[in-house]
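# Descriptive structure summary
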Number of protein chains: 2
Amino acid sequence: MARILVIDDQLDLVALLKDELESRGHQVLTALDGNEGVELAQMEPDLIILDIMMPGMDGYDVCRSIRSAVSCPILFLSAKQSETDRIKGLALGGDDYILKPFSLPELLARVDAHLRREKRALSLKLGGEGNWIRFGSLAINLHSRQATVEDSPLSLTKREFDILELLALNPGQVFSREQIYEKIWGYDADGDSATVTEHIKNIRAKISSIDPETQYIGTVWGIGYRWEKRPGKGDGDARKAIT
Amino acid sequence: MARILVIDDQLDLVALLKDELESRGHQVLTALDGNEGVELAQMEPDLIILDIMMPGMDGYDVCRSIRSAVSCPILFLSAKQSETDRIKGLALGGDDYILKPFSLPELLARVDAHLRREKRALSLKLGGEGNWIRFGSLAINLHSRQATVEDSPLSLTKREFDILELLALNPGQVFSREQIYEKIWGYDADGDSATVTEHIKNIRAKISSIDPETQYIGTVWGIGYRWEKRPGKGDGDARKAIT
DNA sequence: GGCAGAAATCAAGAAATCATAAAGAGCACT
DNA sequence: AGTGCTCTTTATGATTTCTTGATTTCTGCC
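Because the structure is a prediction, the values reported are computed rather than measured.

Before going further, it helps to spend a moment on the protein's contact with DNA strand D. Near DNA strand D there are 21 residues, and of these T157 and W185 of chain A together with T157, R159 and W185 of chain B occur at the shortest range. When atoms of DNA strand D within 4 Å of the protein are split into backbone and base, the sugar-phosphate part holds 84%. The contact in question runs from a phosphate oxygen of DNA strand D to an N or O atom on the side chain of T157 of chain B, over 2.5 Å. Here a phosphate oxygen of DNA strand D and a side-chain polar atom of W185 of chain B are 2.5 Å apart. Contributing elements (two or more residues each) for the surface near DNA strand D: helix 6 (158-169) and helix 8 (194-210) of chain A together with helix 6 (158-168) and helix 8 (194-210) of chain B. A per-class count over the surface near DNA strand D returns 4 nonpolar, 8 polar and 9 charged.

In C-alpha cells:
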C-alpha cells in the first residue's frame, strides 16, 4: 500500500514496527542509524518514522538533512518528554511527535491518518471522485482508473494504467525504463525493465487506435520515455523537424 | 495566513486560541457547538481544531458529518485519555489528537506543522515543469532533458545534451576534451576524446540552425571549449577575442 | 608566405537502443 | 482443471546514435 521508512537504533522496535506495518500491507524500509536513514530516504518513501535519540546522527539531524528533498510526512518517535523537544521536532519539519513508550495501535492509527491525509491532499489537487484530469485530449480519472482519448475510453490493463498515470501526471519529465519499473513494480522487484518497453508499446497501440495522428508518449533516445506536453504529429519526428 | 476554525464549547479556551492564532496572522472562525461548527465548516477553512466533548453533537459527530466535504486537517482536542478514544478520533478522519490540558506552544507548533504540510502537498504534485534554467537565450530543463535556443526547441541526442549541460551549467569555465570525456563517459571509459570534437560540432550545427548569428560554444585554442557567457557574434570571431 | 600543431569537417562503419512480434508463464474466474 | 486475460520474457530486425580515421581548414608562429 505505502512505502514506509523506519529509522531507529533499537533493533527490536524496528522489527516490531516492520512486522506490524508489513502485516497491514505496507512496504517497509528500515535503517538502524541516521546515515543509513538519510540514504534510504532517497527511495521516496510515503512516510518516515524517525527516532530522535540515536547515536551519531540523531533524528533532528536526519530530519534537517532530508526535509528539503523529501516531502512525505515525518513522525518523530522519542522518549523525550519535554515540551521544547516536541516543539523542536515539529518546527524542524516533522509532522507528528509520538512519545515512547507508545501504544502500538495508536501509532498505527496515526500512520494511517497521515497516509490518508497525504492521499486526500493529492486527490484534492488531482481532482476528486468524479473529476477527470485533462492533458490535452487525454483525460484520466484516478479514482475509477479510467482514461479517455478524445472522449473515447481506453481499455487499459492495470500496469498500463499505472505507467500512463506516471507519465501523464508528470508531463515532460523523462523517466528511464528503470525508474518506471522501480516506481511501479517497487524498488525491490526483480525483473527485467524490458517489460516496460512492451507495455509502452501496448499503450501506444491502444491510444493510436483512437487517435492515430498524435504521438503522446515520446521516446528519449538513450534515456527513456516522457509524456509530450505538446504532442508531435504522426510518425512522430518532432526530431527531424527540428534538426 | 490561514483560515482556522475552532470548535469548542469552552468559551475561555476558544478565546485564548483565537487570540493566539490571530496574533500569528491567521484568520480564526469560532463555533461554540457542533451544529455551528458544521455550518462554519462550509467556509472552507484550512484547518479545524475540534473539541470532542461537547453537549449535543460531539466532536466525533462533527467530524463524521464534515469529513466528506472538507479535506483540510482536523485536530481533535480532548480530555479523554483513553487510547481507544484517540484511535477512534484518528480513524474517523482526524489528523491529530491532542490531550487536554495541552501545552499552548505545542498546539501552535502542531497547527503550524499541519498547515505547512498541507501547503507542501499542494505545491508539490503537478505543476513541476518549472525547472528551466536560462542562460541568455538558451534554456535547459534537466527534468525533461530539453533545451531551447530563443524558445525554439533543440533536438539533442543524449551525449549532446550531456555536453551542453556540462558547458552551460559552468559558463565561462574551460573544459579540455579529456575533461569533458571523463565527466560524461566516466573516468574508466576507454575511447578517444576526439569524439568530443565531433559532438561539439554537431551541437554547434544544431544551435546555429536556429540562431546563426551567435556563437555560444567557444574554442579555446590548445585547451578546450567553454560556454560563452557573453556570446560572440558571427563566424566565430569570438575566438580571436578570447585568445 | 610557409610550417606544424590543433581543430573542424566528412563519411562510413560499429555499437547501442528501441520497436515489434511471438511465445511462454502466471493468475483469476469459471 | 480449463479458459481467457494480463504480464513477462526472449528473439529479431530496424533505427538512431556514437565512434573512428582520413582529410581539410584554421591558428599561431617563424
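Resuming the write-up.
So, on to the packing of helix 6 of chain A against helix 7 (residues 177-185) of chain A. Residues and elements named next belong to chain A. With their axes 10 Å apart at the nearest point, helix 6 and helix 7 run at an angle of 115° to one another. Helix 6 and helix 7 meet at a crossing whose hand is right-handed. From helix 6, R159, D162, I163, L166 and L167 reach across to helix 7, where they touch I180, K183, I184 and W185. Of the residues that constitute the contact of helix 6 with helix 7, the class distribution is 6 nonpolar, no polar and 3 charged.

This brings us to the pairing of strand 7 (residues 138-141) of chain B. All names here are of chain B. Burial of the side chains of strand 7 extends over both faces: L138 and I140 are buried on one face and A139 and N141 on the other. Looking at chain direction, strand 6 (residues 132-135) and strand 7 are connected through 4 bridges and run antiparallel. In the sheet register, W132 faces strand 7, and the bridge partner there is N141. What sits between strand 6 and strand 7 in their antiparallel hairpin is a turn of 2 residues, with G136 showing a positive phi close to 60°. Across 4 bridges, the pairing between strand 7 and strand 8 (residues 146-149) is antiparallel. By the bridge assignment for strand 8, I140 is matched with A147. Here strand 7 hands over to strand 8 after 4 residues, with R145 in that stretch at a positive phi of 50°.

Let us now look at the packing of helix 7 (residues 177-185) of chain B against helix 8 of chain B. All names here are of chain B. Interaxial distance between helix 7 and helix 8 falls to 9 Å at its minimum, and their mutual angle equals 90°. Considering their axes alone, helix 7 and helix 8 lie roughly perpendicular with respect to each other. Counting all contacts with helix 7, which are made through R177, I180, Y181 and W185, the residues of helix 8 involved are T195, V196, T197 and H199. Its residues assigned to classes, the contact of helix 7 with helix 8 shows 4 nonpolar, 3 polar and 1 charged.

Residues and elements named next belong to chain A. An ideal rise of 1.5 Å per residue puts 18 Å on 13 residues; helix 1 (residues 11-23) measures up with 18 Å between its terminal C-alpha atoms. The set of residues buried in helix 1 consists of L13, V14, L17 and L21. Angularly, the buried residues of helix 1 cover 100° about the axis, an arc narrow enough to put them on a single face. In helix 1, the exposed positions that point more than 90 degrees away from the buried face belong to L11, D12, D19 and S23. Directly beyond the C-terminal end of helix 1, a positive phi value near 90° is found at G25.

Now for the confidence of the model for chain A. Residue and element names in this part refer to chain A. Mean pLDDT over chain A stands at 87; residues scoring 70 or higher make up 91%. Confidence, read as mean pLDDT per element, is least for helix 9 (residues 238-242) in chain A (33) and greatest for strand 3 (residues 47-51) (96). pLDDT under 50 marks residues 233-243. Its contacts with residues more than four places away, or in other chains, come to 15 contacts.

All right, on to a nonpolar patch on the surface then. Residue and element names in this part refer to chain B. Among the surface-exposed residues, I133, L142 and L169 lie close enough to one another that they form a single nonpolar patch of about 210 Å² accessible area. Within the secondary structure, L142 sits in the loop between strand 7 and strand 8. The exposure class of L142 is partly exposed, given its relative accessible area of 37%.

For the structure on display, the rule yields 40 salt bridges over all chains. Between D151 of chain A and R134 of chain A there is a salt bridge, and its shortest N-O distance comes to 3.9 Å. Highlighted residues: D151 of chain A in the loop between strand 8 (146-149) and strand 9 (152-154) and R134 of chain A in strand 6 (residues 133-135), separated in sequence by 17 residues. By sharing partners, the salt bridges in this structure join R86, D96, E106 and R110 of chain A together with R86, D96, E106 and R110 of chain B into a single network.

All right, on to the interface of chain A and chain B then. Each partner contributes to the interface: chain A provides 45 residues, whereas chain B provides 41 residues. Scanning the region where chain A abuts chain B turns up 10 salt bridges. Note that D95 of chain A is salt-bridged to R120 of chain B, the shortest N-O span being 3.3 Å. Inspection of the chain A/chain B interface yields 22 residue pairs in polar contact (both at pLDDT 80 or more). Ranked by the residues each element gives to the side of chain A that touches chain B, the list is headed by helix 5 (residues 104-126) of chain A, at 15 residues. When grouped by side-chain class, the residues that make up the side of chain A that touches chain B number 20 nonpolar, 10 polar and 15 charged.

Picture the strands of a sheet paired through backbone hydrogen bonds; they go either parallel or antiparallel. Residues and elements named next belong to chain A. The strand order across the open sheet built from 4 strands is 6-7-8-9, with neighbouring strands paired in antiparallel fashion. Across the chains shown, the open sheet's two edge strands, defined by having one partner strand only, are strand 6 and strand 9. For this sheet, the mean inter-axis angle between neighbouring strands, taken without regard to orientation, is 30°. Sitting on the sheet, helix 6 is in contact with strand 6, strand 7 (138-141), strand 8 and strand 9, with an inclination near 115° to strand 7. Strands in contact with helix 8 are strand 8 and strand 9; relative to strand 9, the strand with the most contacts, it is inclined by about 170°.

Scoring rules and cut-offs
- Residues numbered from 1 in each chain as written.
- Chains lettered and ligands numbered in written order.
- Predicted model: local features only at pLDDT ≥ 70, side-chain atom pairs only at ≥ 80, totals over all residues.
- Heavy atoms only, no water.
- Near = heavy atom within 4 Å.
- Polar contact = N/O pair within 3.5 Å; in protein donor to acceptor, adjacent residues only side chain to side chain.
- Helix = DSSP H or I, 4+ residues; strand = E, 2+ residues; numbered from the N terminus.
- Nonpolar A, V, L, I, M, F, W, Y, C, P; charged D, E, K, R; others polar.
- Axes fitted to C-alpha atoms, helices over the stretch in contact; angles between N-to-C directions.
- Left-handed = near helix turned anticlockwise from the far one by under 90°.
- Contact = heavy atoms within 4.5 Å.
- Buried < 20%, exposed > 50% of the residue type's maximum accessible area, 1.4 Å probe, protein only.
- Pairing = 2+ DSSP bridges.
- Parallel < 35°, antiparallel > 145°, perpendicular 65-115°, else oblique.
- Expected span 1.5 Å × (residues − 1).
- Arc of directions from axis to C-beta.
- pLDDT = per-residue confidence, 0-100.
- Patch = residues over 30% accessible without salt bridge, like charges linked within 9 Å, V, L, I, M, F, W, Y side chains within 5 Å.
- Areas by Shrake-Rupley, 256 points an atom, 1.4 Å probe, with all protein chains shown as cover.
- Salt bridge = Lys/Arg side-chain N within 4 Å of Asp/Glu carboxyl O.

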